[in-house]
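# Topology and contacts: notes
Now for the letters of each chain:
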Amino acid sequence: MSAPTRSPGPTPSILIVDSDVISRHVIADYLRHCGYGVVEAATTDEAITALSEASLGIDVILCDVGAIGSQPAFGLAHWVRSHQPQLEVRLAGSLEGVADTAADLCESGPHLIKPYEPEAVVDYVKQLRAARNRARET
Amino acid sequence: MHVVKEALDAADSRPARLLVVEDELLIRMLITDVLRDAGYEVIEAVSGDEALDLLKAGVVFDLVLSDVRMPGSTDGLALLAFARQNLAELPFILTSGHLAPEIALAEGAVGFLAKPYGMHDALAVVEQEVAKLR
């Protein structure tokens, strides 16, 4: 059974920019669960490519401050202000910040689903990272 | 019983979880949209290195669709080799504009898509392989 939607309008889309695939995919899944369309970018360069593609219809950008690319996250924010000032940019300086911002977006998201706690999201990312790091050491 | 089969047995009704590994953003957007619209759960990696990170973190997948030539230290063939050693039953479909299909299959891929591929063709190949898992 699908969740009821808040509004009949087009699905809002979020561009998530995060160079850590583990946190990126967990946050992206979280936002999709809340009903958003999500575009994932691993670098600020990919983000600009995505933003230059009008068909992707991005409304909000959620960017980890540590995202890599030919320009830093603040450079991406500056680019957006210059080229697409109508877009909302949210920068987050930590995993906890990204999760909290995603939770805020979910509170006003298109689906009437209570978002799961951002702390659970952070814990899950940390578990995956720990498992990855252990595997890397062996 | 291998982890992939266990995951499927444990939750028969859940959608198959696919890992799509593709460095070209627009191709990745297109194929992941098609696969999600078809009902699959899709996790994206932009490189073989990212895909390796996900596999090493223990994220369970039912199938991998991976490009071969990608930036970083892990190309599609190296990713496939890692999976063959550590996740023997995880099926791989390779995509490439350069690699011969016979080589992909000889290396252990279960399917191959020559680039540029049509999205319907890609979906058909994925559906065919996922059906074998059920």
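The model shown is predicted, which means the values in this text are computed figures rather than measured ones. (Residues numbered from 1 in each chain as written. Chains lettered and ligands numbered in written order. Predicted model: local features only at pLDDT ≥ 70, side-chain atom pairs only at ≥ 80, totals over all residues. Heavy atoms only, no water.)

Before going further, it helps to spend a moment on the overall build of chain A. Each helix and strand counted, chain A has five helices and four strands in total. The order of α-helices and β-strands along chain A, N terminus first, is β-α-β-α-β-α-β-α-α. Split into buried and exposed, the 138 residues of chain A put 50% on the buried side. Within chain A, contacts between residues separated by at least 24 positions form 73% of all contacts whose residues are at least 6 apart in sequence. With an accessible surface of roughly 6600 Å², chain A has 54% of that area assigned to carbon and sulfur atoms. (Helix = DSSP H or I, 4+ residues; strand = E, 2+ residues; numbered from the N terminus. Buried < 20%, exposed > 50% of the residue type's maximum accessible area, 1.4 Å probe, protein only. Contact = heavy atoms within 4.5 Å. Areas by Shrake-Rupley, 256 points an atom, 1.4 Å probe, with all protein chains shown as cover.)

Turning next to the packing of helix α1 (residues 21–33) of chain A against helix α5 (residues 118–137) of chain A. Residue and element names in this part refer to chain A. Running from N to C, α1 and α5 point in directions that differ by 150°, and their axes come no closer than 9 Å. Our classification of the angle between α1 and α5 gives roughly antiparallel. In terms of crossing hand, the pair formed by α1 and α5 is right-handed. When α1 is examined against α5, the residues Ile 22, Ser 23, His 25, Val 26, Ile 27 and Tyr 30 are found in contact with a partner set consisting of Pro 118, Val 121, Tyr 124, Val 125, Leu 128, Arg 129 and Arg 132. A breakdown of the residues in the contact of α1 with α5 according to their chemical character gives nine nonpolar, two polar and two charged. (Axes fitted to C-alpha atoms, helices over the stretch in contact; angles between N-to-C directions. Parallel < 35°, antiparallel > 145°, perpendicular 65-115°, else oblique. Left-handed = near helix turned anticlockwise from the far one by under 90°. Nonpolar A, V, L, I, M, F, W, Y, C, P; charged D, E, K, R; others polar.)

So, about the sheet that holds strand β1 (residues 17–21) of chain B. All names here are of chain B. Judged by pairing direction, the sheet is parallel, and its five strands sit side by side in the order β2-β1-β3-β4-β5 without closing on themselves. Of all the strands in the sheet, just β2 (41–45) and β5 (111–114) have a single pairing partner and so form its edges. Put simply, the sheet's adjacent strands are angled 15° from each other on average, direction ignored. Direction of pairing for strand β3 (residues 63–67) relative to strand β4 (residues 92–96): parallel, over a ladder of four bridges. Counterpart to Ser 66 in the pairing with β4 is Leu 94. With respect to the sheet, helix α4 (residues 76–86) is in contact with β1, β3 and β4, its orientation differing from that of β4 by roughly 170°. (Pairing = 2+ DSSP bridges.)

What follows covers the nonpolar core. In terms of nonpolar packing, the biggest core is built from 51 residues, with Ile 27 and Leu 31 of chain A together with Leu 19, Leu 54 and Leu 94 of chain B touching the most fellow members. In this view, Leu 54 of chain B contacts Val 21, Ile 22 and His 25 of chain A together with Leu 19, Ile 43, Glu 44, Ala 45, Val 59 and Phe 61 of chain B; residues no more than four positions away in its chain are not counted. Formed by 20 residues, the second largest nonpolar core is a distinct cluster that contains Val 39, Ala 41, Leu 51 and Ala 73 of chain A. (Core = buried A, V, L, I, M, F, W, Y, C linked by side-chain atoms within 4.5 Å.)

Turning next to the interface of chain B and chain A. Taken together, the contacts link 18 residues of chain B with 21 residues of chain A. Summing both sides of the interface, chain B and chain A together bury roughly 1600 Å²; the carbon and sulfur share of this comes to 60%. Considering only the side of chain B, the residues that lose the most area to chain A are Leu 25, Asp 53 and Lys 56 of chain B, jointly responsible for 30% of the buried surface there. Between the two partners, chain B and chain A, sit six salt bridges. Here Glu 50 of chain B makes a salt bridge to Arg 24 of chain A, at a shortest N to O gap of 2.6 Å. Summed over the shared surface of chain B and chain A, the result is five residue pairs in polar contact (both at pLDDT 80 or more). (Buried area = accessible area lost by both parts, 1.4 Å probe. Salt bridge = Lys/Arg side-chain N within 4 Å of Asp/Glu carboxyl O. Polar contact = N/O pair within 3.5 Å; in protein donor to acceptor, adjacent residues only side chain to side chain.)

So, about the UniProt feature "modified residue: 4-aspartylphosphate" (unreviewed entry) in chain B. Residues and elements named next belong to chain B. The UniProt entry lists Asp 67 under the feature "modified residue: 4-aspartylphosphate" (unreviewed entry), expressed in the numbering used here. Assignment of secondary structure puts Asp 67 in strand β3. Accessibility expressed as a relative area gives 5% for Asp 67, which makes it buried. Sequence-distant contacts of Asp 67, that is, excluding residues within four places in its chain, are made with Val 21, Glu 22, Asp 23, Gly 76, Thr 95, Ser 96 and Lys 115. (UniProt positions renumbered as here; feature names shortened; annotations may be inferred.)

So, on to the UniProt feature "modified residue: 4-aspartylphosphate" (unreviewed entry) in chain A. All names here are of chain A. UniProt's entry tags Asp 64 with the feature "modified residue: 4-aspartylphosphate" (unreviewed entry), counted in the numbering of this structure. Considering the arrangement of structural elements, one finds Asp 64 in strand β3 (residues 60–64). With sequence-adjacent residues up to four places away left out, Asp 64 is seen in contact with Val 17, Asp 18, Ala 73, Ala 92, Ser 94 and Val 98.

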